[in-house]
Amino acid sequence: MGRLSSTKRPAIARPAAGLFFPQRPALGLDQRSYSAAVLDKIVSANAEHKSAGKAQKMLKKLAEISISVPEIMDLSGMIGQELAEHLRQQATAHAGQTLRPRYAEPPRVAAVSVDGGRIMTRATAGRGVHEQAWKETKNGCLMTMSSSPSEHDPHPELPACFSERSYVEQLVRDVHSSVTGEPEKSPEKPTISAETVAVTVPSDKPSGTDPAGCRSQKSWRPERLVRTCVSSMVSSDKFGPLVAGEAQRRGFYQAARRAFLGDGQTWNWTLQATHFPDFVAITDFVHPLGYVYDAAKILAPADPWPLYLRAATACWQGRAVDFLNELRTWQAAHPAPPEGKLPDDDPRSIVQGTVTYLENNQQRMNYPDYRRQGLPVSTSMIESLIKEMNYRVKGTEKFWNRPEGAEQILQIRAAALCDDDRLSQWILNRPGSYFYRRSTSKEPPLATPA
């Protein structure tokens, strides 16, 4: 047998590695030569920590894995692309009526909620930050719940938390901040979030003494069982099929009681009408309170609180039309000019905004009936999810390349937040590769190190 003419080791060793390592799939090794277990640790750390830099430190300290930040982001991008493609395939199968539920028995209560978040993105144009801009993320929360229907409204009275003035005023400020996109308050000044109070019930303590005590009784409201999440940078038209595919996979369309919750945005209800027409459409109870309180300050400037309490109670009891009639009476006495747009801070503009919101959502505000069916009446589940998503994707001087960089990190973060251990299950069950081929292309990182 003659000697090989080439003395260059790469010309010999690399093809040999591909030819004589058939165990790669069995060991879960892909083209990166990381085992599935190690890849799971790397990508999960990046999904759960505030930044890839923090993930790098924890991997070194807790798992004794030494890896660079660019490599962490590159691996995360690979998994994120796979997850995004899987969601698209799932949506296509659902549209073609070939997707079957994963579970033989459908859930008793299924709740779907969608809402938009915001992240800072940039264009990929070399070093530095170019064309930075806030972009909306689409987020979906799909939750199975436990509850018992009732012949009568299990809680007809307005919860005590919504009757405490300082509590409500802070809540209204927080809701307005989330709608207008104003910067979040600093961690040193905690706020009362919508998900904290949206599902509260009265306590036996006097009003104003213990807001947290309002959450002591939970028997009347549905309890969370299993949550899965969907998140993407795509448009609402493309996002709807992704949520519908996930709902079908979990058997939500076969559930005995089904609810779809939104905060009043038009795209929420367009998505609901298109993909979830048989679900009970419910407007989150907290968001109308901001409009109600603003209008009460116009109608009763000396002291809006009594009018707010009367209006909030009417909404809670499914009588939003009562307050609508008061608003229309005020409008008749304070007509707007026939031509020209009113400033946003004009009292007539504020009242009209409340009238428009209540008119558009009135048919989705029958809260006594929803409580009798054992359905949720707030979007606290999606509000909470968006805050959990923001922990990873929002931050000072954190910019995501659009659209690929943002999309990939949203996918791994959403998968990590699913209660079914989706991210790890996906990584651990990926097929390995027979061949080792190192790519020579250098893609930009998904985000600037934070």
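The structure we're discussing is the one just above.
First, a word on what this report is: a plain description of the structure on this page. Only a predicted model underlies this, so the values are computations on that prediction, with no experimental measurement involved. (Residues numbered from 1 in each chain as written. Predicted model: local features only at pLDDT ≥ 70, side-chain atom pairs only at ≥ 80, totals over all residues. Heavy atoms only, no water.)

1. Details of the pattern of salt bridges
No. 1: A complete count under the given rule lists 20 salt bridges for this structure.
No. 2: A salt bridge links E85 to R88; the shortest N-O distance between them is 2.9 Å. Note that E85 and R88 are positioned in helix α5 (residues 69–95) at a spacing of three residues, about one turn of the helix.
No. 3: For R88, a relative accessible area of 43% translates into the label partly exposed.
No. 4: One network of salt bridges, with partners in common, ties together E246, R249, D420 and R422. (Salt bridge = Lys/Arg side-chain N within 4 Å of Asp/Glu carboxyl O. Helix = DSSP H or I, 4+ residues; strand = E, 2+ residues; numbered from the N terminus. Buried < 20%, exposed > 50% of the residue type's maximum accessible area, 1.4 Å probe, protein only.)

2. Details of the packing of aromatic side chains
No. 1: Counted according to the given criterion, the structure contains 14 aromatic pairs.
No. 2: Just above the ring of W269 sits the side chain of R364; from NZ or CZ to the centre is 4.2 Å.
No. 3: Above the ring of W316, the side-chain terminus of R371 is found at 4.1 Å from the ring centroid. (Phe/Tyr/Trp six-rings, centres within 6.5 Å; stacked < 30°, edge-to-face > 60°. Lys NZ or Arg CZ within 6 Å of the ring centre and 35° of its normal.)

3. Focus: the packing of helix α15 (residues 380–393) against helix α16 (residues 404–416)
Packed helix pairs are specified by the crossing angle of their axes together with the interaxial distance, meaning the distance between the axes.
No. 1: Packing of α15 against α16 leaves a shortest axis separation of 10 Å and a crossing angle of 130°. One finds that α15 runs oblique with respect to α16. Once α15 is placed against α16, the crossing between them reads as right-handed. Seen from α15, the contacting residues are E388, M389, Y391, R392 and V393; seen from α16, they are I409, L410, R413 and A414.
No. 2: In terms of residue class, the contact of α15 with α16 is made up of six nonpolar, no polar and three charged. (Axes fitted to C-alpha atoms, helices over the stretch in contact; angles between N-to-C directions. Parallel < 35°, antiparallel > 145°, perpendicular 65-115°, else oblique. Left-handed = near helix turned anticlockwise from the far one by under 90°. Contact = heavy atoms within 4.5 Å. Nonpolar A, V, L, I, M, F, W, Y, C, P; charged D, E, K, R; others polar.)

4. Things to note about the packing of helix α3 (residues 36–48) against α5
No. 1: Running from amino to carboxyl end, α3 crosses α5 at an angle of 95°, the nearest separation of the two axes being 9 Å. The pairing of α3 with α5 is recorded here as roughly perpendicular in orientation. From α3, L39, I42, V43 and N46 reach across to α5, where they touch I72, M73, L75, S76, M78 and I79.
No. 2: Within the contact of α3 with α5, the residues separate by chemical class into eight nonpolar, two polar and no charged.

5. Looking at empty space enclosed by the protein
No. 1: Across all of its chains, the model carries two cavities of 30 Å³ or more by this definition.
No. 2: In this structure, the second largest cavity occupies an estimated 30 Å³ of space.
No. 3: Around the second largest cavity sit G117, R118, I119, T137, N139, I386, M389, N390, V393 and L410, which together line it.
No. 4: Elements with a minimum of two residues in the lining of the second largest cavity: β1 (109–123), β2 (130–146) and α15.
No. 5: Top element by residues in the lining of the second largest cavity is α15. It accounts for four residues. (1 Å grid on protein atoms, 1.4 Å probe; cavity = no way out; pocket = protein on both sides within 12 Å on 5 of 7 lines; lining within 4 Å. Points joined across faces, edges and corners; volume = space filled by probe spheres on them.)

6. Describing the environment of R422
No. 1: For R422, the location among the structural elements is in helix α17 (residues 422–428).
No. 2: With relative accessibility at 16%, the residue R422 sits in the buried group.
No. 3: C-alpha of R422 to C-alpha of L83: the two residues are 339 residues apart in sequence and 9.8 Å apart in space.
No. 4: Ignoring any residue separated from it by four or fewer positions in sequence, one finds R422 in contact with T228, E246, R249 and A415.

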